[in-house]
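For reference, the chains in residue letters:
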Amino acid sequence: MNRILYIVILLLFTGCKPTPKAPNESEISTIMVSIEPLRFLVEAIVGDTYKVVSLVPMGSSPETYEPTPNQMIDLEKSDFFFYVGNLGFERAWLERLKQMTPNVHFKETSIGIDQMGEHIHNEEHHHDPHVWTAPRNMQRMARNIYQALCVADSSCVDVYTKNLANLLDRINVVNDSIRVLTSGMVQKSFLIYHPTLTYFAHDYGFNQIVVEHEGKEP
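Residues numbered from 1 in each chain as written. Predicted model: local features only at pLDDT ≥ 70, side-chain atom pairs only at ≥ 80, totals over all residues. Heavy atoms only, no water.

### Things to note about helix α5 (residues 135-152)
- A rise of 1.5 Å per residue sets the reference length of α5, with its 18 residues, at 26 Å; its end C-alpha atoms lie 26 Å apart and thus fit the reference within 8%.
- Taken together, the buried positions of α5 are P135, N137, M138, Q139, M141, A142, N144, I145, Y146, A148, L149 and C150. (Helix = DSSP H or I, 4+ residues; strand = E, 2+ residues; numbered from the N terminus. Expected span 1.5 Å × (residues − 1). Buried < 20%, exposed > 50% of the residue type's maximum accessible area, 1.4 Å probe, protein only.)

This is how it looks when you write it as structure tokens:
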């Protein structure tokens, strides 16, 4: 099982080399995204038409992260802010970010994805926000990003359309590879500390056994 999950992670988040930026990168407009998986999607669609940066750095928790003053300055200079929609820091910061940067286009990328994995934490109902762990959801998020870009920047629609088609094809390859790797498995359960693979488990018929439930000790 560890081998399969390792291969899945490699398929989802590697082998996806960002498009090289143009020489005059300092003159290119910026798009900010909330987390790294969104940066992969946006970069694949925009190519070299925008510089894409992540608000939450690699290795930081998207549940508790707090933006730095320099990041707020970078956000204010950005054309877009793409976010997932249900991450902890997004729930805590989104309205404040909108108020502080009224000229930035804020776009939720998980629109149209059915929320799953409801749990209660501190008397609040939450769903698993890790929608990007299922390739099918990544495609929905890519289309949402594409639509927002086309509305705001119609001059590059042809570029975005071509890049989106290539991206969807790449994600289809990942989906097909996962199904081949998991087909014929007799035991399709895995143990996980926190329920972060709800959408992956649902799409590929796995039983996600959660160790930590509703903030309680195992």
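### Notes on the pattern of salt bridges
- All told, the structure shown has 3 salt bridges when counted by the stated rule.
- Residue R39 pairs with E43 through a salt bridge whose shortest N-O separation is 3.3 Å. Placement of both R39 and E43 in helix α2 (residues 36-46) is noted, with a separation of 4 residues, approximately one turn of the helix.
- You can call R39 partly exposed: its relative accessible area is 23%.
- On the accessibility criterion, E43 (7% relative accessible area) is buried.
- Residue R136 is joined to D203 by a salt bridge in which the shortest nitrogen-to-oxygen separation is 2.7 Å. With R136 in helix α5 and D203 in helix α7 (residues 198-203), this pair connects stretches of sequence that are 67 residues apart.
- Counted as one network, the salt bridges with shared partners bring together E36, R39 and E43. (Salt bridge = Lys/Arg side-chain N within 4 Å of Asp/Glu carboxyl O.)

### A look at the confidence of the model for the chain
- For the chain, mean pLDDT is 85; residues scoring 70 or higher make up 83% of the total.
- The weakest mean pLDDT in the chain belongs to helix α1 (residues 2-13) at 50; the strongest belongs to α2 at 97. (pLDDT = per-residue confidence, 0-100.)

### Brief notes about the pairing of strand β7 (residues 189-192)
- Residues of β7 alternate between two faces, with F190 and I192 buried on one and S189 and L191 left unburied on the opposite face.
- Pairing analysis gives 4 bridges linking β7 to strand β8 (residues 207-210), with the strands arranged parallel. Pairing of I192 across the sheet is with V210, part of β8.
- Note on the crossover from β7 through α7 to β8: the handedness is right-handed. (Pairing = 2+ DSSP bridges. Right-handed = clockwise from strand over helix to strand, strands pointing away.)

### Quick look at the nonpolar core
- Counting 49 residues, the largest nonpolar core has I31, L41, I45, F81, F82, L149 and Y160 as the members making the most contacts within it.
- Where this core is concerned, the elements lending two or more residues are β1 (30-33), α2, α3 (69-76), β3 (80-83), α4 (88-100), α5 and α6 (157-182).
- Among the elements that take part in this core, α5 stands out by supplying 8 residues, more than any other.
- Look past the residues within four positions of I45 in its chain and what remains in contact with it is A142, I145, Y146, L149, V159, Y160, N163, L164 and L167.
- Grouped together as the second largest cluster of nonpolar side chains are 9 residues, I178, F190, L197 and F200 included. (Core = buried A, V, L, I, M, F, W, Y, C linked by side-chain atoms within 4.5 Å. Contact = heavy atoms within 4.5 Å.)

### Things to note about the environment of L97
- With respect to the helices and strands, the residue L97 is situated in helix α4.
- The sequence separation of L97 and P67 amounts to 30 residues, and the corresponding C-alpha distance is 9.6 Å.
- The residues contacting L97, other than those within four sequence positions of it, are L55, M72, L75 and F106.

### A look at the packing of aromatic side chains
- Counting across every chain of the model gives 7 aromatic pairs.
- Seen from their ring centres, F81 and Y83 are 6.2 Å apart, and the 20° between their planes marks the pair as stacked. Across this residue pair, the class does not change: F81 and Y83 are buried.
- Their ring planes at 55° and their centres at 5.4 Å tell us that F81 and F106 sit as a pair that is tilted. One end of the pair, F81, is in strand β3; the other, F106, is in strand β4 (residues 105-108), and 25 residues separate them in sequence. Both residues of the pair, F81 and F106, belong to the buried class.
- Each residue in the set F190, F200, Y204 and F206 is aromatic and connected to the rest through ring pairs, giving one cluster.
- The aromatic ring of W93 is capped on one face by R96, whose charged end is 4.1 Å from the ring centroid.
- One cation-aromatic arrangement involves K188 over F206; the distance from NZ or CZ to the ring centre is 4.9 Å. (Phe/Tyr/Trp six-rings, centres within 6.5 Å; stacked < 30°, edge-to-face > 60°. Lys NZ or Arg CZ within 6 Å of the ring centre and 35° of its normal.)

### Notes on the packing of α5 against α6
- For the pair α5 and α6, interaxial distance at closest approach is 9 Å and the crossing angle is 175°. Here α5 lies roughly antiparallel to α6, going by the angle between them. In this structure, α5 uses P135, M138, Q139, A142, R143, Y146, L149 and C150 to contact α6, whose residues at the interface are V157, Y160, T161, L164, L167, L168, I171, N172, V174, N175 and I178.
- When grouped by side-chain class, the residues that make up the contact of α5 with α6 number 14 nonpolar, 4 polar and 1 charged. (Axes fitted to C-alpha atoms, helices over the stretch in contact; angles between N-to-C directions. Parallel < 35°, antiparallel > 145°, perpendicular 65-115°, else oblique. Nonpolar A, V, L, I, M, F, W, Y, C, P; charged D, E, K, R; others polar.)

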